[in-house]
Structures are given as structure tokens and as C-alpha cells.
Amino acid sequence: CLPAEMRAVFGTRYPLGMERARRIRAALQDIYERENSVTLERLHELPKRDARDRLLAIPGVGPFVAARVMLLGLEAHAAPLDGRLVRALRAEGAVPSDIRIDDAGQWAERHIRAADARDTYLRLERWADGPAADGKEPA
């Protein structure tokens, strides 16, 4: 779909929706041109470092997106921390106050075991989104 159509799917409250829609479309186009299909299956065959480098070579894919794909899509050790998560963790004193957002994921990877990375990330996402609809904190 076109960026404007994608933007409509995101909704009006999505930050920088049109810019993100353009970046997603450019990334998908780049993947199609490289793979002759919209798939990242070949990344499963590569060493994890090469897979991350290949992701980062896609226009519009930054460290957060690459780490998220590595963790959730390729089941590799990664800590996808964006600005929202880093700010929430800083407020709790869980990450150093002087760490740059771009460096926070690598910092977290050194402190979270690979076996715990997926569960930890999903819990952090729920926690940063606030209390659950039933008013209880995420477990």
C-alpha cells in the first residue's frame, strides 16, 4: 500500500506516522529488490552478527528495529530499547542516566541473559505501556 494508506492504518496518534510509513515502504522495497520476495528467511541461515549487519544495511532500519527483528523474528539475543523504554527505565534508575538511547540496547544485552531476553523485553513493553486494563501491574 501507499504511505498515506499505511499512515491511515497507524491512526492519528501514531508519532511521525507519515515518515514511518515512508520508511517502512522503502525498507520493504529494498528487501524485495535484494531477495526477489518480501521475506527475511535468508537471515536465519547467517551468523547473528551478519544478520544484524544485513538488517542495518536496509534503508530506514535503525538499531531498535534491527534488534527487535533479531529478538522476535530470529530468536537471537538482542535488547530493542527505544526512547520510550529508555526514559521509563531511567526514571526508575534501572539504566545509567548518562547512557545514550542508541547505546542502551547494547548496554542491556550485557546485563540480560540470552535465555531471558525475549521474556524480559515483552515484560518491559507491557510495563512501559502502563497498568493493564484491569488495573493490575504486569507480572
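Residues numbered from 1 in each chain as written. Predicted model: local features only at pLDDT ≥ 70, side-chain atom pairs only at ≥ 80, totals over all residues. Heavy atoms only, no water.

Sorry, what's going on with a nonpolar patch on the surface here?
Where nonpolar side chains cluster on the molecular surface, the patch consists of Ile 24, Leu 28, Tyr 32 and Val 38 and spans about 340 Å² of accessible area. On the secondary structure map, Val 38 appears in the loop between helix H2 (17–35) and helix H3 (48–56). With a relative accessible area of 53%, Val 38 lands in the exposed category. (Patch = residues over 30% accessible without salt bridge, like charges linked within 9 Å, V, L, I, M, F, W, Y side chains within 5 Å. Areas by Shrake-Rupley, 256 points an atom, 1.4 Å probe, with all protein chains shown as cover. Salt bridge = Lys/Arg side-chain N within 4 Å of Asp/Glu carboxyl O. Helix = DSSP H or I, 4+ residues; strand = E, 2+ residues; numbered from the N terminus. Buried < 20%, exposed > 50% of the residue type's maximum accessible area, 1.4 Å probe, protein only.)

Is there a simple way to think about unusual backbone geometry in this case?
If a residue is not glycine, its phi is most likely negative; likewise, a peptide bond is most likely trans. Despite not being glycine, Asn 36 shows a phi value in the positive range, around 60°. You can see Asn 36 is positioned in the loop between H2 and H3. Unusually for a residue other than glycine, Glu 75 sits at a positive phi of about 55°.

Explanation requested: the nonpolar core in the structure shown.
Nonpolar side chains tend toward joint burial in soluble globular proteins. Ranked by size, the top nonpolar core spans 27 residues in total, and within it Leu 55, Ile 58, Val 61, Met 70 and Leu 81 carry the most contacts. Of all the secondary structure elements, the ones that give two or more residues to this core are H2, H3, helix H4 (63–73), helix H5 (83–91), helix H6 (101–111) and helix H7 (117–128). No other element matches H4, which puts four residues into this core. Residues in contact with Leu 81, not counting those within four places in the same chain, are Phe 64, Val 86, Leu 89, Ile 101, Ala 104, Gly 105, Ala 108 and Leu 124. (Core = buried A, V, L, I, M, F, W, Y, C linked by side-chain atoms within 4.5 Å. Contact = heavy atoms within 4.5 Å.)

Looking at this structure, I do not really get H6. What am I missing?
Residues lying three or four places apart along an α-helix face the same way, a consequence of the helix completing one turn every 3.6 residues. Considered for burial, the residues of H6 that qualify are Ala 104, Gly 105, Trp 107, Ala 108 and Glu 109. Of the surrounding secondary structure, the elements contacted by the buried residues of H6 are H3 and H5.

Explanation requested: the side chain of Glu 35 in the structure shown.
The topology assignment puts Glu 35 in helix H2. Taking relative accessible area as the criterion, Glu 35 reaches 16% and is therefore assigned buried. Within the structure, the side chain of Glu 35 is placed 3.0 Å from the side chain of Arg 42, a separation counted as a polar contact. In contact with Glu 35, other than residues within four places in its own chain, are Arg 42 and Arg 54. (Polar contact = N/O pair within 3.5 Å; in protein donor to acceptor, adjacent residues only side chain to side chain.)

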